[in-house]
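Chain by chain, the residues:
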Amino acid sequence: MKKVYTAEQKEFFRDFIPGHTTTEVVAEFNRRFEQKTTASKVKSYKTNNRIKSGTRKGNPAGESELFPRKIRDFIRENNKGKTALQMTELLNRTFGTAYNVEQIKSIRGRMHLDSGLTGHFEPGHIPANKGKKGVRYKGCEKTWFKKGHVPYNHVPVNTEVMSTGGYLKIKIAEPNVWGFKHIMEWEKHNGKVPEGCLISFKDGDHRNCNIDNLMCITKAEHAILNHQKLRSSSPELTKTGLLLAKLKHKIQEVQKEGKNGRKSDS
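Residues numbered from 1 in each chain as written. Predicted model: local features only at pLDDT ≥ 70, side-chain atom pairs only at ≥ 80, totals over all residues. Heavy atoms only, no water.

Draft legend 1. Broad picture of the environment of Asp 114. Note on placement: Asp 114 falls in the loop between helix 6 (101–110) and strand 1 (160–162). With 48 residues separating them along the chain, Asp 114 and Met 162 place their C-alpha atoms 54 Å apart. Ignoring sequence-local partners within four residues, the contact set of Asp 114 consists of Asn 79 and Lys 80. At 2.9 Å, the side chain of Asp 114 and the backbone nitrogen of Gly 116 are in polar contact. (Helix = DSSP H or I, 4+ residues; strand = E, 2+ residues; numbered from the N terminus. Contact = heavy atoms within 4.5 Å. Polar contact = N/O pair within 3.5 Å; in protein donor to acceptor, adjacent residues only side chain to side chain.)

Structure representation (structure tokens):
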């Protein structure tokens, strides 16, 4: 549908188009008449009414269809101390435009502009809730937990559960203190697990926390058992595999010491 302009708008085009680019005409027209016309509509009007601007084709240096020079200059002059939202609102209020926040963030980035804002509170800033200890709205106490309330997922001490890693855990204290069953069982009979060691299962069953099924091994031995596939569902075979793992680890240490010794001699 053909756009119908008022007599005042037509007079504006006749007087303003000469000497101005299409971008400038669009911006001024929208500002003056609070419209949202486009460059294509203005070009069409110029062609149909044989009005020439007399300017060079294309946008002048530093301009674009979306951000003409005066908009860029305005952003540059008013950028300091303003967020993208504040700049967007100021631009739209001043020029009658309809920029959004993302557009302003983008143009400020392309223009390498720094607002100077850090997002941090300035020294001496007073929090809005200073001195308002225990502030609450009337009626909210209806949703509070009553004294002695027990959460629906509460379980008593000594409850056993299976962890996501496949090991049994035991609740050892309130409100929510847990420990791994196999480690607790080992330490009950042998004391604290030595540093660099872990507790493993002879038959490979993580649920079998009987002390006879547990063995304390180094992390290196653990890695060799897994890598060399020396574990078995048979405790006796796993114990034999552990002996091989210890031997392989000892050989690796001797070879490493030999290499270090040759390096120091050279």
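Continuing now.
Draft legend 2. The sheet that holds strand 2 (residues 168–173), seen in detail. An order of 1-2-3 is seen for the three strands of this open sheet, with the pairing classed as antiparallel. One side of each edge strand has no neighbouring strand; the edge strands of this open sheet are strand 1 and strand 3 (177–180). Going across the sheet, the axis of each strand differs from the next one's by a mean of 40°, ignoring polarity. Sheet contacts for helix 7 (residues 181–190): strand 1, strand 2 and strand 3; angle to strand 3, the most-contacted strand, approximately 75°. (Pairing = 2+ DSSP bridges. Axes fitted to C-alpha atoms, helices over the stretch in contact; angles between N-to-C directions.)

Draft legend 3. Region of interest: the pattern of salt bridges. By the definition in use, this model includes 11 salt bridges. Note that Glu 28 is salt-bridged to Lys 70, the shortest N-O span being 3.7 Å. Of the two residues, Glu 28 is situated in helix 2 (residues 22–33) and Lys 70 in helix 4 (residues 69–78); the sequence distance between them amounts to 42 residues. A single salt-bridge network, built from bridges that share partners, covers Glu 28, Arg 31, Arg 32 and Lys 70. (Salt bridge = Lys/Arg side-chain N within 4 Å of Asp/Glu carboxyl O.)

Draft legend 4. Structural detail: the nonpolar core. Counting 13 residues, the largest nonpolar core has Phe 12, Phe 13, Val 25 and Phe 29 as the members making the most contacts within it. Of all the elements in the fold, those that place two or more residues in this core are helix 1 (7–16), helix 2 and helix 3 (39–48). Looking at this core element by element, the count peaks at four residues for helix 2. Once residues lying within four places of it in the same chain are set aside, the contact partners of Phe 12 are Ile 17, Val 25, Glu 28, Phe 29, Arg 32 and Phe 33. (Core = buried A, V, L, I, M, F, W, Y, C linked by side-chain atoms within 4.5 Å. Buried < 20%, exposed > 50% of the residue type's maximum accessible area, 1.4 Å probe, protein only.)

Draft legend 5. Representation of a nonpolar patch on the surface. A surface patch of nonpolar side chains, about 210 Å² in accessible area, is lined by Ile 172, Val 177 and Met 184. Of the residues examined, Ile 172 reaches a relative accessible area of 40% and is grouped as partly exposed. (Patch = residues over 30% accessible without salt bridge, like charges linked within 9 Å, V, L, I, M, F, W, Y side chains within 5 Å. Areas by Shrake-Rupley, 256 points an atom, 1.4 Å probe, with all protein chains shown as cover.)

Draft legend 6. View of unusual backbone geometry. A cis amide bond links Glu 174 to the next residue, Pro 175, at an omega of 0°. As for its position among the elements, Pro 175 is in the loop between strand 2 and strand 3. Its identity is not glycine, yet Glu 34 carries a phi of approximately 55°, on the positive side. Residue placement: Glu 34 occurs in the loop between helix 2 and helix 3. Of note in the backbone geometry, Asn 158 takes a positive phi value of approximately 80° without being a glycine. Turning to its location among the elements, Asn 158 is positioned in the loop between helix 6 and strand 1. By relative accessible area, which is 60% here, Asn 158 ends up exposed.

Draft legend 7. Summary view of the state of the cysteines. A full pass over the atoms with the stated rule returns zero disulfides. Cys 209 takes part in no disulfide bond, and the closest cysteine sulfur, belonging to Cys 216, lies 15 Å away. On the basis of relative accessible area, Cys 209 is assigned to the buried category, the value being 7%. (Disulfide = S-S within 2.5 Å.)

Draft legend 8. Local environment of the side chain of Thr 159. On the secondary structure map, Thr 159 appears in the loop between helix 6 and strand 1. Residue classification places Thr 159 among the buried residues on the basis of a relative accessible area of 19%. At 2.6 Å, the side chain of Thr 159 and the backbone oxygen of Pro 156 are in polar contact. Setting aside anything within four residues of it in sequence, one finds Thr 159 in contact with Lys 169, Ile 170, Lys 171 and Trp 178.

Draft legend 9. Structural context of helix 5 (residues 84–95). Look at helix 5: 16 Å from first C-alpha to last across 12 residues, which is about the 16 Å you get at 1.5 Å a residue. For helix 5, the complete set of buried residues consists of Ala 84, Met 87, Thr 88, Leu 90, Leu 91, Asn 92 and Phe 95. Its buried side turned inward, helix 5 meets helix 2, helix 4 and helix 6. Directly beyond the C-terminal end of helix 5, a positive phi value near 70° is found at Gly 96. (Expected span 1.5 Å × (residues − 1).)

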